[in-house]
Amino acid sequence: MAVVELTNVSKYYDQLEVLKDISWSLEQGQTLGLFGHNGAGKTTTVRLILGLTGTSSGQISVLGKQGGGIDAHREIGFLPENVMFYPQLTGREILTYFARLKGASIGQVNDLLEQVGLASAAKHRIKTYSKGMRQRLGLAQALLGEPKLLILDEPTVGLDPIATQELYELMGKMQKQGTSIIICSHVLPGVEPFINQAVILARGQLEASGKLSELRQQADLPVKIIATG
Ligand code: ATP
């Protein structure tokens, strides 16, 4: 069963058509790269998957449910671009707050703080955290409740190479556990080793989609992805 399936999805904001007859699917346990230039329609696609907005036409099925993420806060882990938390709270406080919202246990908060390397920093206020630490806290927040689907929006933008590597290592662990993942990105380099499926959007249109190994056969694929960046 596909974890996410878009069938002939179009989306308008007033008169502006921002997604045009888009179809693609993500299979269980796979990691899909959703590529496109600014304004290509990546965030709109994520909003649809999270059930924050509806399609203008066409169908979307998420974890077997029609119409977007019905119980998105529990079943889908979401790390937005440039995640912002209350700066006055500590890492542990914010994770505890989200754990209560998601019905996750304090035991899981402790495990995740350990897993993302923030156990000793958890007592410090978030305003003292580096960007990499905030992203790792954001990933821990996304993983609360053991979501079946993880959506990461430009997860490494603004991170230094070490923080980027650390985030990718964590993502690799999630993959081994069988989590299905969508990574929104402008470009292929960096995320390439982690993805096995790709969807390339350009001004709301589907340029290409499918298994990365098959798309690689297309001579102009790297150009398409790099050109969208
Ligand atoms: P970015 O990387 O900049 O977030 P994107 O690929 O995520 O780009 P979207 O945010 O989905 O693209 O935007 C697609 C188009 O829809 C853009 O032209 C944008 O201006 C427009 N748009 C997005 N959200 C709204 C909205 N709420 N109301 C009206 N137009 C919108």
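Predicted, not measured: the structure shown is a model, and the values here were computed from it.

Asks: Break down the sheet that holds strand 8 (residues 180–185) for me, citing the residues and quoting the values.
Replies: Across the sheet, which stays open at both edges, the six strands sit in the order 6-7-8-3-9-10 with mixed pairing between neighbours. Only two strands of the sheet have a single partner each, and these edge strands are strand 6 (76–79) and strand 10 (205–211). Ignoring which end each strand starts from, the neighbouring axes of this sheet average 15 degrees apart. Relative to strand 8, strand 3 (residues 31–35) runs parallel, the two sharing five bridges. Paired with L34 across the two strands is C184, which belongs to strand 8.

Asks: Go over the packing of aromatic side chains, please, and point to the residues and values.
Replies: The final tally for this structure, using the stated rule, is three aromatic pairs. Between F85 and F98, the ring centres sit 6.0 Å apart and the planes meet at 70 degrees, which makes this aromatic pair edge-to-face. Linking F85 in the loop between strand 6 and helix 3 (91–102) with F98 in helix 3, this pair joins segments that are 13 residues apart in sequence. You can call F85 buried: its relative accessible area is 12%. Accessibility expressed as a relative area gives 21% for F98, which makes it partly exposed. Grouping aromatic residues by their ring pairs yields a cluster made of F85, Y97 and F98.

Thresholds applied
Residues numbered from 1 in each chain as written. Predicted model: local features only at pLDDT ≥ 70, side-chain atom pairs only at ≥ 80, totals over all residues. Heavy atoms only, no water. Pairing = 2+ DSSP bridges. Helix = DSSP H or I, 4+ residues; strand = E, 2+ residues; numbered from the N terminus. Axes fitted to C-alpha atoms, helices over the stretch in contact; angles between N-to-C directions. Phe/Tyr/Trp six-rings, centres within 6.5 Å; stacked < 30°, edge-to-face > 60°. Buried < 20%, exposed > 50% of the residue type's maximum accessible area, 1.4 Å probe, protein only.

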